[in-house]
Amino acid sequence: MPDNLNAIIGALDLPALIISPEGQIIAHNAAARDLIGMDMVGLPHAAVLRQPAVSAAVDLVLSGAPESRARLTQRGASRDSIWQMRAAAFEGQRRAILVTFTDLTAVEEANQIRRDFVANVSHELRTPLTAIMGFIETLRGPARDDPGVRGRFLDIMEREANRMVQLVDGLLSLSRVEVDERVRPTTPVDLKALAEETIAALEPLAAQGNNTVTLHAEPGNWIVPGDIGQLHQVLRNLVQNALKYGGPDKNVVIALHPAQFDVALRATAVRIDVQDDGPGIEAHHIPRLTERFYRVDAHRARTVGGSGLGLAIVKHIVNRHRGRLAISSTPEKGSTFSVLLPQE
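Everything in this summary refers to the structure shown in the same document. The structure presented is a predicted model; accordingly, all values stated were derived computationally and were not measured.

A word on the sheet that holds strand β1 (residues 16–19)
Here we have five strands laid out as an open sheet, ordered β2-β1-β5-β4-β3, and antiparallel in their pairing. Edge positions in the open sheet fall to β2 (25–28) and β3 (67–74), since each of these has one partner strand only. In this sheet, adjacent strand axes meet at a mean angle of 25 degrees when their direction is disregarded. Note that β1 and β2 share three bridges and pair antiparallel. When the bridges of β2 are listed, I19 appears paired with I25. On top of the sheet, helix α4 (residues 52–62) reaches β1, β3, β4 (81–90) and β5 (96–103); it is set at about 160 degrees to β3, its chief contact.

Observations regarding the nonpolar core
One finds L191, V213, L238 and L289 to be the most contacted residues of the largest nonpolar core, which totals 44 residues. Residue assignment for this core shows that the elements contributing at least two residues are α6 (147–180), α7 (191–201), α9 (228–246), β9 (251–262), β10 (267–276), α11 (310–320) and β12 (334–342). At seven residues, α9 tops the list of elements feeding residues into this core. Residues in contact with L289, not counting those within four places in the same chain, are I281, Y294, V296, L311, I327 and F337. By size, the runner-up hydrophobic cluster in this structure holds 22 residues, among which are M40, L49, A87 and F101.

Details of the side chain of E181
Here E181 lies in the loop between α6 and β6 (187–190). R322 is the oppositely charged side chain nearest to the buried, salt-bridge-free E181, at an N-O distance of 7.2 Å. Apart from residues no more than four positions distant in its own chain, E181 is found in contact with H316, N319, R320 and R322.

Some points on the environment of F101
With respect to the element layout, F101 can be found in strand β5. When the C-alpha atoms of F101 and L14 are compared, they prove to be 6.1 Å apart, with 87 residues separating the residues in sequence.

As for the packing of α7 against α9
At a minimum axis distance of 10 Å, the contact between α7 and α9 shows a crossing angle of 50 degrees. As judged from the angle between their axes, α7 and α9 are oblique. The chirality of how α7 crosses α9 is right-handed. Together, L191, L194, A195, T198 and A201 of α7 and I228, L231, H232, L235, R236 and V239 of α9 make up the contact between the two elements. For the contact of α7 with α9, the class distribution of residues is eight nonpolar, two polar and one charged.

Observations regarding the packing of α9 against α11
Their axes nearest at 9 Å, the elements α9 and α11 cross at an angle of 145 degrees. For the crossing formed where α9 meets α11, the hand is left-handed. For the pair α9 and α11, the contacting residues are Q230, Q233, V234, N237, L238 and N241 in the first and G310, L311, I313, V314, I317 and R320 in the second. Here the contact of α9 with α11 is composed, by residue class, of six nonpolar, five polar and one charged.

Points about the pattern of salt bridges
Enumeration according to the criterion identifies nine salt bridges in this entry. Residue E67 is joined to R69 by a salt bridge in which the shortest nitrogen-to-oxygen separation is 3.3 Å. Counted as one network, the salt bridges with shared partners bring together E67, R69 and R86.

Side note on the sheet that holds strand β11 (residues 324–330)
Reading across the sheet, the five strands line up as β7-β9-β10-β12-β11 and stay open at both edges, with mixed pairing between neighbours. Of all the strands in the sheet, just β7 (212–217) and β11 have a single pairing partner and so form its edges. Neighbouring strand axes in the sheet, compared pairwise and without regard to direction, differ in orientation by 20 degrees on average. Across nine bridges, the pairing between β9 and β10 is antiparallel. Across the sheet, residue I254 finds its bridge partner in β10, namely V274. Of the strands in this sheet, β7, β9, β10 and β12 touch α7, which is tilted by about 170 degrees from β7. Running over the sheet, α9 touches β7, β9, β10 and β12 and is turned about 30 degrees from β10.

Re helix α5 (residues 105–140)
A rise of 1.5 Å per residue sets the reference length of α5, with its 36 residues, at 52 Å; its end C-alpha atoms lie 52 Å apart and thus fit the reference within 8%. The sharpest bend along α5 comes to roughly 25 degrees, located at R126, with the proline P128 sitting one to four residues further on. Within α5, the full set of buried residues consists of T105, V121, E124, P128, I132, F135 and L139.

Scoring rules and cut-offs
Residues numbered from 1 in each chain as written. Predicted model: local features only at pLDDT ≥ 70, side-chain atom pairs only at ≥ 80, totals over all residues. Heavy atoms only, no water. Pairing = 2+ DSSP bridges. Helix = DSSP H or I, 4+ residues; strand = E, 2+ residues; numbered from the N terminus. Axes fitted to C-alpha atoms, helices over the stretch in contact; angles between N-to-C directions. Contact = heavy atoms within 4.5 Å. Core = buried A, V, L, I, M, F, W, Y, C linked by side-chain atoms within 4.5 Å. Buried < 20%, exposed > 50% of the residue type's maximum accessible area, 1.4 Å probe, protein only. Lys, Arg positive; Asp, Glu negative; His and termini not counted. Salt bridge = Lys/Arg side-chain N within 4 Å of Asp/Glu carboxyl O. Parallel < 35°, antiparallel > 145°, perpendicular 65-115°, else oblique. Left-handed = near helix turned anticlockwise from the far one by under 90°. Nonpolar A, V, L, I, M, F, W, Y, C, P; charged D, E, K, R; others polar. Expected span 1.5 Å × (residues − 1). Bend = angle between axes of the 7 residues up to and from the residue.

This is how it looks when you write it as structure tokens:
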């Protein structure tokens, strides 16, 4: 019978093991061995499934229940994994137990992302809404007949309303990008022409801070398959960030580098660098810059109108184009945001 059991559970994709009526493990498949990290045949289940809730669920079935479930948490070097354990009786009255494990890690992470997303959106909207409601109350009361205060408050209310509009627009844009992320665009796009259009479009913003935006491009082939609207959004977001966070009287450079084979992409790719001379970013912030709503300096980001979604949108667009985004920065020496896009 053990050979038959091994054959049966060996065909399962899920980690699975069988426990005898006496509570000993009599068979398991390779997936279960990988999960537990040892060969378990002949060992008591309590010595292997050491988490109290899991052992208790198995004992419940051994004592007569048809099935039982529990959560198993496995500690890992980089992250924990979460499993749903199901124990069910089989083989008539002998009460042998089939135990299977379903990986819930991705589901749990998705739920946590959803909870964090709702919390972040709520926080981002609550701040301007609270300010607007406070100003409305003041305008209806003490400042009702004060034109100077009324004008100043209306300006602030307009700014806060624009923040909410920007946030909603960013969320809608991110949603559209995520919907199309699995579909790679194929329309030929001239990156040099796109960079020139971006510089022209952002000239008024650059003039406000007495900044200059220049394009450096060696002779070469700058055509890549892509979505021209989304790639324009990538360049616009990166240059806007460089202008906003780099500070006044600074230079921003868009540099186009000829196609070279990129090991990470396993393809020949053109590289676009957006470089600024700003204060730079400390190294521990860089891995998190593309997270939704993550800001190095939240107060400054709100002051310059940042929503915390721009780089998340950039990352998803670059992913859709099968490219990659690289960020390098040195405090007090500026930052470089590099987008690599394959030409094939």
